[in-house]
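# Architecture at a glance
Here are the chains, one letter per residue:
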Amino acid sequence: MVKYLNRRKMLAIGASALAATKIPGLALAKQADGSFELRAAKNPKKLAGSNFAASDLWLYNGESPGPEIRLKQGQRAQIRFINELDQPTSVHWHGIRIDNAMDGVSGLTQDPVAPGGTFDYDFVVPDSGTFWYHAHHSSWEQVARGLYGPLIVEEANPVVDRRHDFTLVIDDWRLADNGDLHLPSFGSLMDWSHAGRLGNWLTVNGQSQPRFQLNAGENYRLRLINASNARILKIDLKAMDAELLGTDGFLFKKPRTAPSGHVDIAPAQRLDLLINPQRPDNNSQVFPLQEISAGEPLKIADFVVANSKTTRQIKPTILPQNDIEPASIGDAIRVPLLMTGGAMGQLDNITYQGNLLERSDLQRTKQLWAFNGTANLAGSPLFAVKRGQSVVLEAENQTAWPHAMHIHGHHFQILSRNGVHLQNKDWRDTFIIDRDEKVVVAFVADNPGKWLLHCHMLEHAAAGMRTRFDVA
């Protein structure tokens, strides 16, 4: 049996991995024709430290995470994608209300980009916020190998200036005992039928427990992106004295605190935080970014705070808003979405490619989950509506596992959980639904095209939790 790097070993290595450093500022180089080039290729990288083996990762422009693409709200993005891998791939611009032909879903909105091929993505970013991009062909493998990066769209009047605006991409990797990416477990039936591919090694911006420099008394915006295949991160806000600015790219009307002192971020979700570190008593102080899902806090990054000449800045009280229309509930169509299957779940009555699967078919097809009894993109859409129709999606999770449900091309509001109406109906593109939970969301289907709706636990999506809806 392969032995994985354990929690204690991770802490020991990471604590001495890096001296204090500034947040890296990443950007794509602009080409002569005004476009950007994004290349997917194999690149070796040591994830667990210099004393461990290098992994053959698949990266954009040789970086982990891929280069930060930073645009202004309303700006046109022209990105020439070049595939230097030995298998097809595509790029999805997650959270952007984008033209359907540019959404990057292999097999639905475009053909996959063949090895050696190119594809020109050309779209306008209508909303400001924290977004990201990632592979959308065999995502369960390609994202886990490193094919993702941040996409930041700046407001006309940003909350903080660029020097105080930090992007933190968090990922969990599954490493073998020598520190190498564990390849034999890709496609594991255990992962596909249970929680998904959970890693054992956390990185922030591709580094193990990095240390970042801050000045006391100054406002900082932290943009957290969960790039994990399947892990729901529980971020400790008390340790940072952080306030919430927004979720999934859309800012709240004003900053708020989390009553529980922590917040969950599912795979593909983003979280914007505001911190204003206190002036240290001595020359500097250190506070951690902690993940606490296992009960025992796991430090995944440090912030080193130094005194500065800046007087304590006033925190913003009003945040810029994106222009988006809420659903008209009285005129909405209601769409049920029943989730079944998986280990310890209902594995009978699953239809795949028009055939009812027998128990003996499950291991062969690896189709282990279903929406409304159907696995993996039925011939007809879950629903079809005219542009401008309000939709209420009533999701019910009858499986033994949580799921992170992502709706392409749209943002929605969560109306209720288990019949309890939510006071804050925040805008999202991905929502967590726990086992035995019912979640109701609403949105206006105002973006024409064929749109994917799937679980962003990427193994769950590959194993059946994908469907689509059509907007005429």
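Preceding this section is the structure that the text describes.
From a predicted model like this one, the values you see are computed outputs, not experimental measurements.

Where empty space is left in the structure can be found by rolling a water-sized probe over the atoms. Per the counting criterion, the structure on display carries two cavities of 30 Å³ or more. In this structure, the largest cavity occupies an estimated 70 Å³ of space. For the largest cavity, the full set of lining residues is V143, A144, D171, D172, W173, R174, L181, R197, G199, A227, S228 and N229. The residue makeup of the lining of the largest cavity, split by class, is five nonpolar, three polar and four charged. Roughly 50 Å³ of volume is contained in the second largest cavity. For the lining of the second largest cavity, the class distribution of residues is four nonpolar, two polar and three charged.

Further remarks concern the nonpolar core. If you look at the biggest cluster of nonpolar residues, it comprises 91 residues, and the most contacted ones within it are Y60, I79, W93, F123, M405 and F431. What F123 contacts, discounting residues up to four positions off in sequence, is Q75, R76, A77, I79, W93, I98 and M102. Membership of the second largest hydrophobic core comes to 31 residues, among which are F212, A216, L244 and I300.

It is worth spelling out the side chain of H164 at this point. In this fold, H164 is placed in the loop between β9 (148-154) and β10 (165-173). One polar contact links H164 to E218, side chain to side chain, over a distance of 2.5 Å. Excluding residues that lie within four positions of it along the chain, H164 makes contacts with E218, N219, Y220 and R221.

What counts as what
- Residues numbered from 1 in each chain as written.
- Predicted model: local features only at pLDDT ≥ 70, side-chain atom pairs only at ≥ 80, totals over all residues.
- Heavy atoms only, no water.
- 1 Å grid on protein atoms, 1.4 Å probe; cavity = no way out; pocket = protein on both sides within 12 Å on 5 of 7 lines; lining within 4 Å.
- Points joined across faces, edges and corners; volume = space filled by probe spheres on them.
- Nonpolar A, V, L, I, M, F, W, Y, C, P; charged D, E, K, R; others polar.
- Core = buried A, V, L, I, M, F, W, Y, C linked by side-chain atoms within 4.5 Å.
- Buried < 20%, exposed > 50% of the residue type's maximum accessible area, 1.4 Å probe, protein only.
- Contact = heavy atoms within 4.5 Å.
- Helix = DSSP H or I, 4+ residues; strand = E, 2+ residues; numbered from the N terminus.
- Polar contact = N/O pair within 3.5 Å; in protein donor to acceptor, adjacent residues only side chain to side chain.

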